[in-house]
Amino acid sequence: QVQLVESGGGSVQPGGSLRLSCAASGFTFGSYDMSWVRRAPGKERELVARITSGGNTNYEDSVKGRFTISRDNAENTVYLQMNSLKPEDTAVYYCYAEHRYYSRLKYWGQGTQVTVSS
């Protein structure tokens with residue numbers, strides 16, 4: 001049974017930090033590109049950060065220099081370190097897995113809420 005379980009969300013003041021984790025099970029984690037995708041109220045879903053199975057990363061422009069995605073293949077976990085958080089980062093953050101070769105093999109987590117507010 002495939003599972004992506006996010007944790008680490010919560011409420012933080014502007015300028016604060018959070019670290020999201022996504023624990024994966026039920027598939028060969030090392031063969032999948034992993035991403036964090038967010039959806040803010042009233043907005044379209046947005047790719048925040050992605051790390052390939054080979055460790056290459058890319059980021060949405062508004063989070064560059066503030067967010068860092070990483071993965072631990074031994075622990076089947078992907079992380080998103082979020083620093084200098086802004087109110088516009090408020091959203092539900094989803095973990096997303098897509099096979100590096102077979103894009104039809106894809107999985108979503110249930111999401112974790114991040115709220116940035118003073």
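Read on for a plain summary of the structure. Bear in mind that the values here come from a model prediction, so they are computed numbers and not experimental data.

### Let's talk about the pattern of salt bridges
Two side chains of opposite charge can pair, provided their charged atoms sit close to one another. Counted according to the given criterion, the structure contains 5 salt bridges. Close ionic contact of R38 with E46 constitutes a salt bridge, the shortest N to O distance being 2.6 Å. Looking at E46, the relative accessible area reads 27%, which means it is partly exposed. Its salt-bridge partner being D89, residue R38 comes within 3.0 Å of it at the nearest N-O pair. Here D89 lies in the loop between β8 (77-82) and β9 (91-99) and R38 lies in strand β4 (residues 32-39), a separation of 51 residues in the sequence. Relative accessible area serves as the criterion here: at 6%, R38 is assigned to the buried category.

### Topic: the state of the cysteines
As enumerated under the stated definition, the model contains 1 disulfide in all. Between the sulfur atoms of C22 and its disulfide partner C95 the distance amounts to 2.1 Å. Negative torsions about the S-S bond denote left-handed disulfides, and the value of about -85 degrees found for C22 with C95 makes this one left-handed. Here the residue C22 occupies a position in strand β3 (residues 18-25), and C95 occupies one in strand β9, the gap between them amounting to 73 residues.

Each value, and the rule that gives it
- Residues numbered from 1 in each chain as written.
- Predicted model: local features only at pLDDT ≥ 70, side-chain atom pairs only at ≥ 80, totals over all residues.
- Heavy atoms only, no water.
- Salt bridge = Lys/Arg side-chain N within 4 Å of Asp/Glu carboxyl O.
- Buried < 20%, exposed > 50% of the residue type's maximum accessible area, 1.4 Å probe, protein only.
- Helix = DSSP H or I, 4+ residues; strand = E, 2+ residues; numbered from the N terminus.
- Disulfide = S-S within 2.5 Å.

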